[in-house]
Amino acid sequence: MVDALDRRPPPVESQTEDAAVVVPRGPVPSWLITTGSIVFVLVAWQLCGPFINPLFGTYPTAIAAAFWKLASSGKLAAALADSLRPFAAGYALAILVGVPLGLVIGRSRVLEAAIGIYVTAGFAMPLVALVPLLVLWLGLGFAVKVAIIFLMSVFPICINTWLGVAAVPKTLIEVGKSFVAPSHVILRRIILPATLPYIMAGVRLALGRAVVAMVIAEFFTSISGLGAIIQTSANNFDTATTFVPIIIIMLMAVALNFLVGAIERWVAPWQAEIAGRDQQ
Amino acid sequence: MGEVDLVNVSKQFMLRVDGKVHAVKALDRVSFSVHDGEIVALIGPSGCGKTTALRIAMGLETASAGKVTVDGREVVGCGHDRGMVFQFAELLPWLTALQNVMFGLEMKGLRGPQLRATATRYLELVGLGDSLSRRPHQLSGGMKQRVGIARALAIDPKVLLMDEPFGALDAQTRETMQAELLDIHARTKKTILFVTHDLDEAVLIADRIVVLKDGRVQEIMAVPLRRPRPDLGRVRGLPEFAATRYRVWQALHQSSDTLH
């Protein structure tokens, strides 16, 4: 009897997968609260905005009008494409370098002692101060922009991966050892998947820094892309137009953050299980 | 064949307390054997070194002195002649039940259609033929440990090493698993070294019981219960069960007395 009970697969509604992802929430859904908050801020801004000198501030409808002007002239799309190319290249390069580097630092005591300190220090590097030097090395074009974005985003990815490796349960590695798995197999098939949630958290943190780096690069190297629109319109005291790229950049960061979150749930659906370890 | 011999196995840990390094003796000249096809239970209070002894036999830790042999060959590191069942199953959470069993087989070098077929066969052996594609978080505690047992058995080791495998399960599931382990043992005739802190469990499943106290073998006793033991509920009612249980209890009780 007991045997029969235990062998029966648990009913779907009692599966821990579902139990783990249920977040306690009130009767109002979170997305509605967020939407309400945005509407409130926009309305308040719109109501106060027109009373402020357009030199010192702007308001949503003025920004919308400026957006329409920029978009219809084709300038906005061109600037966006200009900004996104080095952004994508630098950010992708940061992931491609940061993840393997974090994995090996986390795995090797010698490498951790030898290069861990540069990674920790590099995370706090005042990059803006180094931009002139980077320009001397790489010129004013695409390469220097990629380098700035790369340097801003590689460290959080590397550090998170490194911390993630350190947090892999020892027993999971022992599973690999007990089946005589060679260390490169343990790295690829146990440590890497177990570290994925940390890697994705690092990729998320790096996202915000990469977006900031993109604008820094456009301000301090050859002025181009969304950064150029900010610069020129600010110089013309056209505050409304200045806000168009600023808001686009912020929206872009929010959208990419959602995208990374979706990828995370796709590549690491077991994360809830690792976080909520429960043997029963 | 599958004969395990621990010969004068000692293990020292270095423990730093308040800046001072203390040598802690986890195992002190531990010797016992597990004969071919036999189930030996290693029992003792927590901290007595039973898990350390098992881990040394597996090759996950090294002995400070002494040696472990499997069929006369000295243990150096892990090997496919031994299969480990961990206390909390320790399935890889990103793999399905089938993939978890296949992982061990792949490490042994199995490839192709045989890989999947073998893994499936062993999951069927532990009664999980219907749950091949479930991930660990979709399995109950007992089912997880079944996958853990299938994973260790699938590589066809000479010896199964089990580290309190049912300790984390509820009482009813534990009883089911004990009966199933005996059933699997009857069918596969594997040599099993089984660590437990549960008196009843030791007497129910083992042929012999090794009582560890403070890292030393306190007593080795034979369990006078015949195999097969198909009905563990009935075995619990036998006078031999009660007598053996009492003897083990005495041995354990004695050990805690001599501590003070």
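Residues numbered from 1 in each chain as written. Chains lettered and ligands numbered in written order. Predicted model: local features only at pLDDT ≥ 70, side-chain atom pairs only at ≥ 80, totals over all residues.

A. Representation of the overall build of chain B in the model. A count of helices and strands for chain B gives eight helices and ten strands. Here chain B, with 260 residues, has 46% of them falling under the buried criterion. (Helix = DSSP H or I, 4+ residues; strand = E, 2+ residues; numbered from the N terminus. Buried ≥ 20, exposed ≤ 12 C-beta atoms within 10 Å, placed from the backbone.)

B. Molecular detail of the overall build of chain A. Scanning chain A for helices and strands turns up 13 helices and zero strands. For chain A, with 280 residues in total, the buried portion stands at 34%. Of all intrachain contacts in chain A linking residues separated by at least 6 positions in sequence, the fraction that spans at least 24 positions is 76%. (Contact = placed C-beta atoms within 7 Å.)

C. Quick peek at helix H8 (residues 142-166) of chain A. All names here are of chain A. The first and last C-alpha atoms of H8 sit 36 Å apart over 25 residues, in line with the 36 Å expected at 1.5 Å per residue. Taken as a whole, H8 carries its principal kink of about 30° at Val-154; the proline Pro-156 stands between one and four residues after it. When you tally the buried positions in H8, you get 20 out of 25 residues, the bulk of the element. (Expected span 1.5 Å × (residues − 1). Bend = angle between axes of the 7 residues up to and from the residue.)

D. Main features of helix H3 (residues 113-125) of chain B. Residues and elements named next belong to chain B. Here H3 contains 13 residues, and its C-alpha end-to-end distance of 19 Å stays within 8% of the 18 Å for a straight helix at 1.5 Å per residue. Of all the residues in H3, the buried ones are Ala-119, Tyr-122 and Leu-123. All buried residues of H3 project into a common sector of 100° when viewed along the axis, lining one side. Facing away from the buried side of H3 by more than 90 degrees, the exposed set consists of Pro-113, Gln-114 and Ala-117. (Arc of directions from axis to C-beta.)

E. Looking closely at the sheet that holds strand S5 (residues 73-74) of chain B. Residues and elements named next belong to chain B. Spatially, the four strands line up as an open sheet ordered S2-S1-S4-S5, and their pairing is antiparallel. Strands at the two margins of the open sheet, each flanked by one partner only, are strand S2 (20-34) and S5. Here strand S1 (residues 4-17) pairs with strand S4 (residues 65-70) via five bridges, running antiparallel. Residue pairing for S4: Asp-5 is matched across the bridge by Thr-69. Lying over the sheet, helix H1 (residues 50-58) contacts S1, S2 and S4, oriented at roughly 115° with respect to S1. (Pairing = 2+ DSSP bridges. Axes fitted to C-alpha atoms, helices over the stretch in contact; angles between N-to-C directions.)

F. Representation of the sheet that holds strand S10 (residues 216-222) of chain B. All names here are of chain B. As summarised here, the arrangement of the six strands in space is S6-S7-S8-S3-S9-S10, forming an open sheet in which the pairing is mixed. Only two strands of the sheet have a single neighbouring strand rather than two, namely strand S6 (82-85) and S10. Adjacent strand axes in the sheet meet at a mean angle of 20° when their direction is disregarded. Of the strand pairs in this sheet, S6 and strand S7 (residues 159-163) are connected by four bridges, and their pairing is parallel. Counted as the bridge partner of Met-84 is Leu-161 from S7. Sheet contacts for helix H4 (residues 141-154): S6 and S7; angle to S6, the most-contacted strand, approximately 170°.

G. Just the environment of A:Asn257, in detail. All names here are of chain A. Along the chain, the position of Asn-257 falls in helix H12 (residues 239-267). For Asn-257, a count of 14 C-beta atoms within 10 Å corresponds to the partly exposed category. As for Asn-257 and Gly-208, which are separated by 49 residues in sequence, their C-alpha atoms are 8.6 Å apart. With sequence-adjacent residues up to four places away left out, Asn-257 is seen in contact with Arg-204 and Leu-207.

H. Region of the structure containing the environment of A:Val144. Residues and elements named next belong to chain A. Along the polypeptide, Val-144 turns up in helix H8. You can call Val-144 buried: it has 21 C-beta atoms within 10 Å. Taking the C-alpha atoms as reference points, Val-144 and Pro-86, 58 residues apart in sequence, are found 9.0 Å from one another. Here Val-144 is in contact with Leu-134, Val-135, Leu-138, Gly-139, Ala-217 and Thr-221, once residues within four sequence places are set aside.

I. The arrangement of the nonpolar core in detail. Membership of the largest hydrophobic core comes to 136 residues, with the highest contact counts inside it found for A:Ile149, B:Leu42, B:Ala57, B:Val101, B:Leu193 and B:Phe194. Here this core gets 17 residues from one element, more than from any other, and that element is helix H10 (residues 183-220) of chain A. Residue contacts for B:Leu193: discarding those within four places in its chain leaves B:Val4, B:Val34, B:Val40, B:Leu42, B:Leu54, B:Ala57, B:Val159 and B:Leu161. (Core = buried A, V, L, I, M, F, W, Y, C linked by C-beta atoms within 7 Å.)

J. Local environment of the pairing of strand S3 (residues 39-43) of chain B. All names here are of chain B. Of all the five residues making up S3, five are buried; the element is thus mostly covered by neighbouring parts of the structure. Taken together, the five bridges between S3 and strand S8 (residues 191-196) define a ladder with parallel strand orientation. Residue pairing across strands places Ile-39 opposite Ile-192, the latter belonging to S8. With four bridges connecting them, S3 and strand S9 (residues 208-213) associate as parallel partners. Bridge assignment links Leu-42 to a residue of S9, and that residue is Val-210.

K. Structural view of the environment of B:Glu90. By secondary structure assignment, the location of B:Glu90 is in the loop between S6 and helix H2 (97-107). Placed 34 residues apart in sequence, B:Glu90 and B:Glu124 show a C-alpha to C-alpha distance of 20 Å. In this view, B:Glu90 contacts A:Thr171, A:Leu172, A:Val175 and B:Gly148; residues no more than four positions away in its chain are not counted.

L. Just the packing of H8(A) against H10(A), in detail. Residues and elements named next belong to chain A. Relative orientation of the contacting elements H8 and H10 amounts to 155°, with a least axis distance of 7 Å. With respect to H10, the element H8 is oriented roughly antiparallel. For the pair H8 and H10, the crossing hand works out as right-handed. Within the contact of H8 with H10, the residues separate by chemical class into 22 nonpolar, six polar and two charged. (Parallel < 35°, antiparallel > 145°, perpendicular 65-115°, else oblique. Left-handed = near helix turned anticlockwise from the far one by under 90°. Nonpolar A, V, L, I, M, F, W, Y, C, P; charged D, E, K, R; others polar.)

M. Up close: the pairing of S4(B). Of the pairings in the sheet, the one linking S4(B) to S5(B) comprises two bridges and is antiparallel in character. Residue pairing for S5(B): B:Val70 is matched across the bridge by B:Arg73.

N. Just unusual backbone geometry, in detail. All names here are of chain B. Each neighbour pair has its own omega, and for Arg-227 with Pro-228 the value is -5°, a cis peptide bond. Unlike most non-glycine residues, Arg-29 shows phi in positive territory, near 45°. Using a count of 15 C-beta atoms within 10 Å as the deciding quantity, one classes Arg-29 as partly exposed. With phi around 40°, Glu-164 is a residue other than glycine that occupies positive phi space.

O. A look at the packing of helix H5 (residues 75-107) of chain A against H8(A). Residue and element names in this part refer to chain A. Taken N-terminus to C-terminus, the directions of H5 and H8 make an angle of 30°; their axes are 6 Å apart at the nearest point. Considering the angle they form, H5 stands roughly parallel to H8. The element H5 and its partner H8 pack so that their crossing is right-handed. Tallied by class, the residues present in the contact of H5 with H8 amount to 23 nonpolar, seven polar and two charged.

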